[in-house]
Amino acid sequence: MISVITVVYNDKENIYKTIQSVLSQNYNKIEYIIIDGGSTDGTLDIINRYKDKINYLVSEKDLGTYDAMNKGIKIANGDFINFINSGDILFEPNSIGKIVNSNLRKNVIYFSRAEIIADNISWFYPGIGIKDYEKWLKSNLPNHQTMFFPKLFYKNNSYNLKLPIRADDYYKLLGLNSFCVKFIDSTYVKFYRGGISSNHKSLKLLKQRMLESFIINAKYKRLTRYFIDPFKLLLFFSYSNIFGETAFTKLIKSIVRLKKYL
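Just so you know, these numbers come straight off a predicted model, no measurement behind them.

Cut-offs applied
Residues numbered from 1 in each chain as written. Predicted model: local features only at pLDDT ≥ 70, side-chain atom pairs only at ≥ 80, totals over all residues. Heavy atoms only, no water. Core = buried A, V, L, I, M, F, W, Y, C linked by side-chain atoms within 4.5 Å. Buried < 20%, exposed > 50% of the residue type's maximum accessible area, 1.4 Å probe, protein only. Contact = heavy atoms within 4.5 Å. Helix = DSSP H or I, 4+ residues; strand = E, 2+ residues; numbered from the N terminus. Pairing = 2+ DSSP bridges.

Draft legend 1. Spatial organisation of the nonpolar core. In this structure, Val4, Ile5, Ile81, Ile96, Phe149, Tyr159 and Tyr188 are the most contacted members of the largest nonpolar core, which totals 65 residues. Non-local contacts of Tyr159, meaning those with residues more than four positions away in its chain, are made with Tyr66, Met69, Asn70, Ile73, Phe83, His144, Phe149, Ala167, Asp168 and Tyr171.

Here is the structure:
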C-alpha cells in the first residue's frame, strides 16, 4: 500500500487538480491523506467534495508545511509514503503503478523524475539523458515529490521544524545517508515551482536559507557544498533581483542542462 500525503493551506485555485490526479490513479492500493492547515479561502469546501474518496482528512492550524507533513507521517499506514502537495500533479494515471511495478523492496528509498514547471518553462529533473544516477546523487538531491520513503524509515524520522525552508533536504539527506537509494526511470510528477523555497528575491529568506545551508552541510559533512552553497545563493539572489523571475527560471534551467555534462 502507498500512502499519498497532500498538505495544503489556502490554495483553492490548485487543490482540486492535485486531488483529481491522485484519485485518477489506476493503482488501487492507495491510502490518501490530506492535511489542511485550517484554510479560510474555500479550500476546505473543495476538499469536502471528494471526502468520500479520501482516507484521512485533517483540517486545523499548524506550524507550517513541515509540521503538516509530520502529521501525515503519524497517520500513514502504507508500506511507502509519497508527498504530493497542493498544486503538484501526478504525471499520468499510471504514475504510481509504474513505481510499484518496479518490484519495490521495503528497505530501500526510491526516487524518479519530475517535470519542473515555472513561468511557462519546463525541464526534467534528473535529465532524461543521465546514465549514472549513483554519480548524479553525489552532487544532487532528488525532487521530494518523486520520493517513496519506506515505513522502516518514515515511522522513525520526522521533518525538522527548526529548518522552515529546507527541512525536506535535511530529510532526504538523512535517508541517503542511512538507507539504500534507487532510481526508477520514470517521470512521476509535474512539479510547479513556487512558494518560499522558490523565492530568491527576499533578503530575509536569503539569510534564513544560508543559515539552514550551513546547518545541513555541516551535519552531513558536505564540505564542498558548505563553501559553494553560500556563493550560489548570493548569485541566485542577485540575478533574480536584477533580471527578474523569468530570467532567473531560464538560468536555473540552463544550469540543470549544463550539469548533465559535468
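Structure shown, so let's carry the discussion forward.
Draft legend 2. Here's a closer look at the pairing of strand S7 (residues 121-125). Residues Ile121, Trp123 and Tyr125 point to one face of S7 and are all buried, whereas Ser122 and Phe124, pointing to the other face, are not buried. In the sheet, strand S6 (residues 108-118) pairs with S7 via five bridges, with the strands oriented antiparallel. Residue Ile116 lies in a different strand from S7, and its bridge partner there is Trp123. The loop that links S6 with its antiparallel partner S7 comprises two residues; one of these, Asp119, has a positive phi angle of about 50 degrees.

Draft legend 3. Representation of the sheet that holds strand S5 (residues 89-90). The strand order across the open sheet built from four strands is S5-S9-S6-S7, with neighbouring strands paired in mixed fashion. Pairing within the sheet leaves two strands with one partner each, and these edge strands are S5 and S7.

Draft legend 4. Molecular detail of the side chain of His144. By secondary structure assignment, the location of His144 is in the loop between helix H5 (133-137) and strand S8 (149-150). Given a relative accessible area of 5%, His144 falls into the buried group. In this structure His144 touches Met69, Phe83, Phe149, Tyr159, Asp168 and Lys172, once residues within four positions along its chain are discounted.

Geometric descriptors of this kind do not, in isolation, establish any biological role.
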